[in-house]
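Below are the chains, spelled out letter by letter.
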Amino acid sequence: MFLWGTATAAYQIEGATGEDGRGESVWDTFAREPGRTRDGHTGDVACDHYHRWREDVALMSGLGVNAYRFSIAWPRVLPLGSGEVNERGLDFYDRLVDALLAAGVQPVPTLFHWDLPQALEDRGGWLNRDVCELFADYAATVAARLADRVPLWITLNEPFVHMAFGYAMGVHAPGRFLMTDALPAAHHQLLAHGRAVQALRAAGARQVALTNNCTPVWPASQEEPDLKAADAYDVLHNRLFNDPILLGRYPDLSAYTPSLDFIRDGDLATIAAPLDALGINYYNPTRIAAPTGDGLPFSDAGITGHPTTAFGWPVVPDCLRELLTGLKSRYGAALPPILITENGCSQPDTPTEHGTIEDEARVDFLDRHIAAMRQAMAEGVDVRGYFVWSLLDNFEWAEGYHQRFGLVHVDFATQRRTPKRSYHWFKEFLKGQNTDT
Ligand code: IFM
């Protein structure tokens, strides 16, 4: 069955950060620090999904999707990251899973979408190798409760973004500015993924995947310095996270670090445990030029000549085809079936005087990206699902509530949900789909 779905993440929609025994996460800490997020926004309330989940499941049922990718908040299940289990936290996801199944929607949980328990950050976060084992324990705990009803699991969401924004550049939680010293946070996330694959399978999970954020990298010119820089960026953004899980080895990281002493014997075999699918989040390509002297082996050359989203991201639908066919060329038989686990765009989405949201640009974005995905399939790439980011407007990390990605508009003052034109378009689109294709 081809999965047509929507995606969300716990900290971006749930709210209720202090309820029913949930522990603190790094995002609670970070968002409360002055100047970290736009206008000081936090996820304390977000979309209040923790209380309004029935309404949100009804929105999905009305939309006609057959799958829903959401994330489980580690600190809701294990408030201190390890040790005592908070059964009330598990109960929430248990109820959600049952409601989704009753609505004919397959639950697709992601175990980690950046909300590390603060107690683990206090022990070094993803720089501490011990967190890998604790993640496997957490995965086992959740799967013991849900694997009887959940066939497909995703371990991590976008370890590149979490490493780069959270540990290298400090613009996401936990707000560390380590630049290339952040690399152990990549390795430990990947090792945690590998250990979680083992734990999930032992607990009865039938299918396991990992979601990477990937970008086609365009060199700014065909001159050698730009080509070399583009290759270095491709290593950092894409291959650092795809090669170990699919090929069992790291790409050449010498442009970033002289030493890989945080890797131990056996780690790569654990990381490369076979997967049932690779999740790909695609938003835009990246254009890269030679370094400008800030210590990194590349610089961002920017992209002009394409429409942009409210975030300023270039809209280049054919790059989804380019990305997918590029993955197939690079990994060949080692590439498992692909799920597009996120694709979407932020738009201003101001309601009209009649209260409707006429987000034609989003309709066009989705239509053209789905066509590009299908073109890649026609060219031989095995894609098994497509999830729109996002079901709801939500807390867009450092941008707070200023970037709207939803098929459903959320008025954050009243929590009123209003399906946008894109929701109605996707609903009609889904009616015409044979779920086998
Ligand atoms: O909102 C994020 C999501 O959490 C991860 N992928 C990209 C989205 C848009 O920025």
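Because the structure is predicted, anything quoted here is derived from the model rather than measured. (Residues numbered from 1 in each chain as written. Predicted model: local features only at pLDDT ≥ 70, side-chain atom pairs only at ≥ 80, totals over all residues. Heavy atoms only, no water.)

### Focus: the sheet that holds strand 10 (residues 338–343)
Inference 1: The strand order 1-2-3-4-5-7-10-11 describes a closed barrel built from eight strands, whose pairing is parallel. Between one strand and the next, the sheet's axes are offset by a mean angle of 25 degrees, whatever the strand orientation.
Inference 2: Across four bridges, the pairing between strand 4 (residues 152–157) and strand 5 (residues 207–213) is parallel. Bridge pairing links I154 to A209 in strand 5. (Pairing = 2+ DSSP bridges. Helix = DSSP H or I, 4+ residues; strand = E, 2+ residues; numbered from the N terminus. Axes fitted to C-alpha atoms, helices over the stretch in contact; angles between N-to-C directions.)

### Notes on the state of the cysteines
Inference 1: Taken as a whole and judged by the stated rule, the model has zero disulfides.
Inference 2: Left unpaired, C47 is separated from the closest cysteine sulfur, that of C345, by 17 Å.
Inference 3: Considering cysteine sulfurs only, C319 is the nearest to C214, which forms no disulfide, with 13 Å between them. (Disulfide = S-S within 2.5 Å.)

### Comments concerning the packing of aromatic side chains
Inference 1: Inspection of every chain in the model, using the stated rule, returns 34 aromatic pairs.
Inference 2: Here the aromatic rings of W4 and F426 are separated by 6.5 Å at their centres, their planes lie at 75 degrees, and the arrangement is edge-to-face. Taken together, the residues W4 in strand 1 (residues 3–7) and F426 in helix 14 (residues 421–431) connect sequence positions 422 residues apart. Accessibility assignment for this pair places W4 and F426 in one class, buried.
Inference 3: Among the aromatic residues, those joined into a cluster by ring pairs are Y11, W27, F30, W114, F395, W397, Y401 and F412. (Phe/Tyr/Trp six-rings, centres within 6.5 Å; stacked < 30°, edge-to-face > 60°. Buried < 20%, exposed > 50% of the residue type's maximum accessible area, 1.4 Å probe, protein only.)

### With respect to a nonpolar patch on the surface
Inference 1: A cluster of nonpolar side chains, M169, V171 and F177, forms an exposed patch at the surface whose accessible area comes to about 300 Å².
Inference 2: Taking the relative accessible area as the measure of exposure, V171 reaches 38% and is therefore partly exposed. (Patch = residues over 30% accessible without salt bridge, like charges linked within 9 Å, V, L, I, M, F, W, Y side chains within 5 Å. Areas by Shrake-Rupley, 256 points an atom, 1.4 Å probe, with all protein chains shown as cover. Salt bridge = Lys/Arg side-chain N within 4 Å of Asp/Glu carboxyl O.)

### Things to note about the site of the ligand
Inference 1: Near the ligand the following residues occur: Q12, H113, W114, N157, E158, Y283, W313, E342, W389, E396, W397 and F405.
Inference 2: In this structure, H113 approaches the ligand through a side-chain N or O atom, which is 2.7 Å from an oxygen atom.
Inference 3: Take E342: an N or O atom from its side chain is 2.5 Å from a nitrogen atom of the ligand.
Inference 4: Isolated, the ligand exposes 280 Å² of accessible area, and the fraction of that covered by the protein chains is 95%. (Near = heavy atom within 4 Å. Polar contact = N/O pair within 3.5 Å; in protein donor to acceptor, adjacent residues only side chain to side chain.)

### Comments concerning helix 9 (residues 183–202)
Inference 1: For helix 9, with 20 residues, the first-to-last C-alpha span of 29 Å sits near the 28 Å given by 1.5 Å per residue.
Inference 2: With respect to burial, helix 9 is a largely interior element, 16 of its 20 residues being buried.
Inference 3: Following helix 9 by one or two positions, G204 has its phi on the positive side, about 100 degrees. (Expected span 1.5 Å × (residues − 1).)

### Concerning the pairing of strand 4
Inference 1: Extensive coverage of strand 4 is indicated by the burial of six of its six residues.
Inference 2: Relative to strand 4, strand 3 (residues 106–112) is paired through two bridges, and the arrangement is parallel. Paired with T110 across the bridge in strand 4 is I154.

### Describing the environment of H113
Inference 1: Among the secondary structure elements, H113 is positioned in the loop between strand 3 and helix 6 (118–121).
Inference 2: Residue class for H113 comes out buried when judged on its relative accessible area of 2%.
Inference 3: Those residues in contact with H113, other than ones at most four positions away along the chain, are A9, Q12, R69, S71, N157, E342, W389 and W397.
Inference 4: In this structure the side chain of H113 is engaged in a polar contact, spanning 3.1 Å, whose partner is the side chain of N157. (Contact = heavy atoms within 4.5 Å.)

### Digging into the pattern of salt bridges
Inference 1: For the structure on display, the rule yields 35 salt bridges.
Inference 2: K431 is paired through a salt bridge with E428; the nearest N and O atoms lie 2.9 Å apart. Of the two residues, K431 and E428 both sit in helix 14, three residues apart, roughly one turn of that helix.
Inference 3: K431 gets classed as exposed once you look at its relative accessible area, which sits at 58%.
Inference 4: Three or more residues joined by partner-sharing salt bridges are found here, namely E87, D91, D94, D98, R145, D148 and R149.

### Concerning the environment of P216
Inference 1: Mapped onto the fold, P216 is located in the loop between strand 5 and strand 6 (217–219).
Inference 2: When its relative accessible area of 7% is taken as the criterion, P216 is described as buried.
Inference 3: For P216 and D94, which are 122 residues apart along the polypeptide, the C-alpha to C-alpha distance reads 38 Å.
Inference 4: The contact partners of P216, leaving out residues within four places of it in the chain, are Y282, N284, P285, T286, C319, E322 and L323.

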